[in-house]
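Now for the letters of each chain:
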Amino acid sequence: MSPSRLNSLFPSTARVLAGVSIAVVSWTVAGACSATKDPVPGAGVHSGSGVDQGGPGKGTGTGSQSGTGTGGSIFHGGGQGGSDPGEPSAVCGDAPEGAATFSKKALLQVAGECAAWTTCQFSETMKTLRDAVVDYGDEPTADRKLAAQRAWAFAMQAYAHVVPFEFGPITPSSKDLAHGRSLGAFVHSWPALSRCEVEKQIAVRGYESGFDLVPTAGRGLYALEYVLFFTGTNTVCASNSTAYKKWALMSEDEIAQAKRDYAVALVGDLMTRTEGLENIWAADGENFGAKLVNAEGYESQQDALSIVGWS
C-alpha cells in the first residue's frame, strides 16, 4: 500500500486499525465491529473524491476530507449521487455485538463473527470495484477512471478493517500454526511490494498464463493502485531485464492499454481470492468461526485466545 495515497483519501484509515482492535476487546460496551471514536477531531467522516493523480508515494492529494470524528460505522461515505461504495452493505447484516456476559469462549466467538462480518463487507466493496474497473477497461473515459479510483479507495479502506484479524486463514502459518494459510498476501502483500513486478506483468503479460505464476509483490490491491493511479510511462525495472526491453518498445498508448488490461485481470483475481476468503468464514461454507470457538486444531482454548490477542 502507498500510505501517502490512502492517507490523502482517508486520513483516519491507518488509525482505524487500532480502533477495530480496541472494538474487539471492548465488545461488551460498544459492539464487536463498531469503530471507536477517532482520537483526532474532524477526521472521522469524509467527503469528496480525493483522487491522487501522482505516482506511488508522490501523489498530489487533490481530494478533500472533512468530518466530525463521530465514530460509528467502520465505513465512511463520500458519495456524489447514487450508491456510495463506502456505505456498509445490507447483504452482510448488522455488525455483531458481544454477549452480555464475558467468557473466553464468547470472546473467541465475537472475534470470529467480527472477522467474518468485515470480510463480507470487504467482499461487497470488491464487487463495486470489479464492476468499476471492468467498465473503465471497456471504455477508458476520465469519469470511469475516477469511478474506479474511488472504488479502489473504498475497497482499501474496507480491507483495513479486515487485516487486524491476523488469525486463521488470512495470516501466515508463522502467526497461526494451526490454521494460517497466508491468503491475505494475495489480496495485499504489504510490506513485500515491488513496482518492478507490477511493470513486469504489464510488459510481459505473464499473468495471462495464470496468476499462480505472478508473485504476490506484483499483484493484489497494490498492483491495482499502480495501474489506476500512476500516470508515468517509465519503468524501474533493470535495463538488462526482459521487462525493461519490452517496455521500451511500447508507445505511451500501448502502455496505457496494457495497464488497463492488467487492471481488469487483477480485479478478477482479487474477486476470486476475496470470495474464497469470505466462504471460509461463512456459516454455510467452511464456517471457520465455529472452529475458532471450539479451538479446533489449536493446542488449547488459551492457545486460540493468545493468537487472537496477538493479532
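Rules used in this analysis
- Residues numbered from 1 in each chain as written.
- Predicted model: local features only at pLDDT ≥ 70, side-chain atom pairs only at ≥ 80, totals over all residues.
- Heavy atoms only, no water.
- Disulfide = S-S within 2.5 Å.
- Helix = DSSP H or I, 4+ residues; strand = E, 2+ residues; numbered from the N terminus.
- Buried < 20%, exposed > 50% of the residue type's maximum accessible area, 1.4 Å probe, protein only.
- Axes fitted to C-alpha atoms, helices over the stretch in contact; angles between N-to-C directions.
- Parallel < 35°, antiparallel > 145°, perpendicular 65-115°, else oblique.
- Left-handed = near helix turned anticlockwise from the far one by under 90°.
- Nonpolar A, V, L, I, M, F, W, Y, C, P; charged D, E, K, R; others polar.
- Phe/Tyr/Trp six-rings, centres within 6.5 Å; stacked < 30°, edge-to-face > 60°.
- Contact = heavy atoms within 4.5 Å.
- Expected span 1.5 Å × (residues − 1).
- Core = buried A, V, L, I, M, F, W, Y, C linked by side-chain atoms within 4.5 Å.
- Salt bridge = Lys/Arg side-chain N within 4 Å of Asp/Glu carboxyl O.
- pLDDT = per-residue confidence, 0-100.
- Arc of directions from axis to C-beta.

**Concerning the state of the cysteines**
Part 1 of the reasoning: In total, this model carries 2 disulfides according to the counting rule given.
Part 2 of the reasoning: A sulfur-sulfur separation of 2.0 Å characterises the disulfide bridge that pairs cysteine 92 with cysteine 120. Its S-S torsion of about -90° marks the bond between cysteine 92 and cysteine 120 as left-handed, since a negative value means left-handed. Within this pair, whereas cysteine 92 is found in the loop between helix H3 (27-30) and helix H4 (104-138), its partner cysteine 120 is found in helix H4, the two being separated by 28 residues in sequence.
Part 3 of the reasoning: Take cysteine 120: its relative accessible area is 11%, and that puts it in the buried class.
Part 4 of the reasoning: Here cysteine 196 is linked by a disulfide to cysteine 237, with a sulfur-sulfur distance of 2.1 Å. Every disulfide takes its handedness from the sign of the S-S torsion; for cysteine 196 and cysteine 237 that torsion is 115°, giving right-handed. Here the residue cysteine 196 occupies a position in helix H6 (residues 195-204), and cysteine 237 occupies one in the loop between helix H7 (220-229) and helix H8 (242-248), the gap between them amounting to 41 residues.
Part 5 of the reasoning: Judged by its relative accessible area of 27%, cysteine 196 falls in the partly exposed class.

**Details of the packing of H4 against helix H9 (residues 252-281)**
Part 1 of the reasoning: Close contact between H4 and H9 brings their axes to 9 Å; oriented N to C, the two are set at 160°. What the angle tells us is that H4 and H9 run roughly antiparallel. In this structure, H4 meets H9 at a crossing whose hand is left-handed.
Part 2 of the reasoning: Classifying every residue of the contact of H4 with H9 gives 16 nonpolar, 5 polar and 4 charged.

**A closer look at the packing of aromatic side chains**
Part 1 of the reasoning: For the structure shown, the criterion picks out 9 aromatic pairs.
Part 2 of the reasoning: Here phenylalanine 211 and tyrosine 262 contribute two aromatic rings whose centre-to-centre distance is 6.3 Å and whose plane-to-plane angle is 5°, an arrangement assigned as stacked. Linking phenylalanine 211 in the loop between H6 and H7 with tyrosine 262 in helix H9, this pair joins segments that are 51 residues apart in sequence. Comparing phenylalanine 211 with tyrosine 262, the two get one shared label, buried.
Part 3 of the reasoning: Ring centres of tyrosine 226 and phenylalanine 230 lie 5.1 Å apart, and the angle between their planes is 45°; on these two criteria the pair is classed as tilted. Assigned by exposure class, tyrosine 226 and phenylalanine 230 land together as buried.
Part 4 of the reasoning: Aromatic ring contacts, followed pair by pair, group Phe165, Phe167, Trp281 and Phe288 into a single cluster.

**Regarding the packing of H6 against H9**
Part 1 of the reasoning: Taken N-terminus to C-terminus, the directions of H6 and H9 make an angle of 105°; their axes are 9 Å apart at the nearest point. Here H6 lies roughly perpendicular to H9, going by the angle between them. Of H9, the residues touching H6 (which contributes Val198, Gln201 and Ile202) are Ile255, Ala258, Lys259 and Tyr262.
Part 2 of the reasoning: Looking at the contact of H6 with H9 residue by residue, the classes come out as 5 nonpolar, 1 polar and 1 charged.

**What about helix H5 (residues 142-159)?**
Think of an α-helix as turning once every 3.6 residues; residues three or four places apart then point the same way.
Part 1 of the reasoning: An ideal rise of 1.5 Å per residue puts 26 Å on 18 residues; H5 measures up with 26 Å between its terminal C-alpha atoms.
Part 2 of the reasoning: With 13 of its 18 residues buried, H5 lies for the most part within the structure.

**Observations concerning the nonpolar core**
Part 1 of the reasoning: If you look at the biggest cluster of nonpolar residues, it comprises 43 residues, and the most contacted ones within it are Leu129, Leu221, Leu224, Val227 and Tyr262.
Part 2 of the reasoning: The element that contributes the greatest number of residues to this core is H9, accounting for 10 residues.
Part 3 of the reasoning: In this structure, leucine 221 is in contact with Phe122, Met126, Leu129, Trp152, Met156, Tyr159, Val187, His188 and Leu270, ignoring residues within four places of it in sequence.
Part 4 of the reasoning: The next biggest cluster of nonpolar side chains, apart from the first, holds 18 residues, and it includes Ala111, Ala115, Tyr298 and Val308.

**Details of the pattern of salt bridges**
Part 1 of the reasoning: Scanning the model with the defined rule gives 12 salt bridges in all.
Part 2 of the reasoning: The salt bridge partner of lysine 175 is glutamate 166, with a shortest N-O separation of 3.8 Å.

**Some thoughts on the confidence of the model for the chain**
For residues with low pLDDT, the predicted coordinates do not support detailed interpretation.
Part 1 of the reasoning: Of all residues in the chain, 72% attain a pLDDT of 70 or more, and the chain-wide mean is 79.
Part 2 of the reasoning: Counting interchain partners and residues more than four positions distant, the pLDDT-below-50 stretch residues 1-32 has 91 contacts.
Part 3 of the reasoning: Confidence drops under a pLDDT of 50 for residues 42-82, and excluding neighbours within four residues, the segment shows 116 contacts in the predicted structure.

**A look at unusual backbone geometry**
Part 1 of the reasoning: With an omega of 5°, the peptide bond between tryptophan 190 and proline 191 qualifies as cis.
Part 2 of the reasoning: Looking at where proline 191 falls in the secondary structure, it is placed in the loop between H5 and H6.
Part 3 of the reasoning: With phi around 55°, alanine 295 is a residue other than glycine that occupies positive phi space.
Part 4 of the reasoning: Considering the arrangement of structural elements, one finds alanine 295 in the loop between helix H10 (288-293) and helix H11 (301-310).
Part 5 of the reasoning: Accessibility expressed as a relative area gives 10% for alanine 295, which makes it buried.

**So, H11**
Part 1 of the reasoning: Taken residue by residue, H11 has Ala304, Leu305, Ile307 and Val308 as its buried positions. Angularly, the buried residues of H11 cover 160° about the axis, an arc narrow enough to put them on a single face. Exposed residues lying more than 90 degrees from the buried face of H11 are Gly309 and Trp310.

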